[in-house]
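Single-letter residue listing:
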Amino acid sequence: MEGKRKILVTTAWPYGNGPIHLGHFTGMVLPADIFARYHRMKGTDVAMVSGTDMHGTPIALKAEEEDVSPEKLSKKYHKIIKKSLEDMEASYDLYTKTTTDNHKKTVQTFFNTIKQNGFIKNKTMEMLYCENDERFLPDRFVEGECPYCGAEDAKGDQCDSCGRTLDPLDLIDPYCSICGETPEIRESDHYFLKLSEFEDKLEDWIEDKSGNWKTNVINFTKQWLDEGLEDRPITRDGI
Ligand SMILES: [Zn+2]
Ligand SMILES: [Zn+2]
């Protein structure tokens, strides 16, 4: 006899830099919640998990704005987000946060395993640096014009207008999100995930996904693979 089927349902982890609104709920939670409830009704063992991302530049930026520590800020919004999800009766089996011991241990295990398997490398990269604030400006610490669609408020990691993933150095006329000054280019050492080595494997892997993936998701993934996967920095300068 076959063992009982198990399904893991994961949703995006919201940043603890503000409350969630209905748009978050319908985009991030609702489809997954319906999927999880449906499979539970069919008797499948479902674990639906997510949590608040307590780290990252959006939190550092907002903390600066509110003049509190990033830790205090993300704790405040984690409580608010968690309460909203409970009030909306989202059926998470676990809604946690990235500062728990379990989360840290899991991330370290992932990192060490990938590193042992040779898929992490050290590389010097060019970064934008604000002389005025005496700090490097990773992703959202820098804004400017999108090189693809020309939107004027593109962020260093992504353009909200056209959805393209960006590198801060791609931006036209970049400026520091904190003080508005034009940053300069400096070199900095970082760990990179060797994503390029997974290109062929991923191309094979998505081949049989047409049955249960939405067409636009498949096309988006294929387009990404066609453009060629680039190794991705997974560390940030101290913020
Ligand atoms: Zn754009
Ligand atoms: Zn600055």
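Quick note: structure is the one above.
Below, the structure is looked at part by part. (Residues numbered from 1 in each chain as written. Chains lettered and ligands numbered in written order. Predicted model: local features only at pLDDT ≥ 70, side-chain atom pairs only at ≥ 80, totals over all residues. Heavy atoms only, no water.)

Right, let's talk about the coordination of the zinc ion (ligand 2) for a bit. Of the protein atoms, only C130 (SG), D133 (OD), C176 (SG) and C179 (SG) coordinate the zinc ion (ligand 2), at distances of 1.9 to 2.3 Å. Each of the 4 donor atoms bound to the zinc ion (ligand 2) contributes to angles spanning 101 to 119°, and the resulting shape is tetrahedral. In primary sequence terms, the donor set of the zinc ion (ligand 2) follows C-x2-D-x42-C-x2-C. (Donors = N, O, S within 2.8 Å, 3.2 Å for Na, K, Ca; no water. Tetrahedral: all angles 85-135°; square planar, octahedral: opposite > 155°, others 65-115°.)

Our focus in this paragraph is the coordination of the zinc ion (ligand 1). Looking at the zinc ion (ligand 1), the protein donor atoms are C146 (SG), C149 (SG), C159 (SG) and C162 (SG), and they sit 2.3 to 2.4 Å from it. Counting along the primary sequence, the residues that act as donors to the zinc ion (ligand 1) give the motif C-x2-C-x9-C-x2-C. Residue classification places C146 among the buried positions, given a relative accessible area of 1%. (Buried < 20%, exposed > 50% of the residue type's maximum accessible area, 1.4 Å probe, protein only.)

Negative phi characterises most residues that are not glycine, and trans characterises most peptide bonds. Positive phi, close to 60°, is recorded for E89, a residue that is not glycine. Assignment of secondary structure puts E89 in the loop between helix 3 (70–87) and strand 3 (94–97). Among the residues examined, E89 registers a relative accessible area of 58% and is labelled exposed. If you check the backbone angles, D173 has positive phi at about 50° while not being a glycine. One can find D173 in strand 8 (residues 172–176). (Helix = DSSP H or I, 4+ residues; strand = E, 2+ residues; numbered from the N terminus.)

This part is about the packing of aromatic side chains. All chains considered together, the criterion is met by 6 aromatic pairs. Measuring from centroid to centroid gives 5.1 Å for Y129 and F136, while their planes differ by 80°, and the two rings are edge-to-face. Positioned above the aromatic ring of F192 is the side chain of K123, whose terminal nitrogen or guanidinium carbon lies 4.7 Å from the ring centre. Above the plane of the ring of Y129 lies R186, whose end atom (NZ or CZ) is 3.7 Å from the centre. (Phe/Tyr/Trp six-rings, centres within 6.5 Å; stacked < 30°, edge-to-face > 60°. Lys NZ or Arg CZ within 6 Å of the ring centre and 35° of its normal.)

A side chain of one charge can pair with a side chain of the opposite charge if their charged atoms are brought near each other. Under the criterion given, the structure shown has 16 salt bridges. Note that D93 is salt-bridged to R40, the shortest N-O span being 3.1 Å. Placement of the pair is D93 in the loop between helix 3 and strand 3 and R40 in helix 1 (residues 22–41), with a sequence separation of 53 residues. Judged by its relative accessible area of 26%, R40 falls in the partly exposed class. For D208, the salt bridge goes to K209, with nearest N and O atoms at 2.8 Å. By sharing partners, the salt bridges in this structure join K62, E66 and K76 into a single network. (Salt bridge = Lys/Arg side-chain N within 4 Å of Asp/Glu carboxyl O.)

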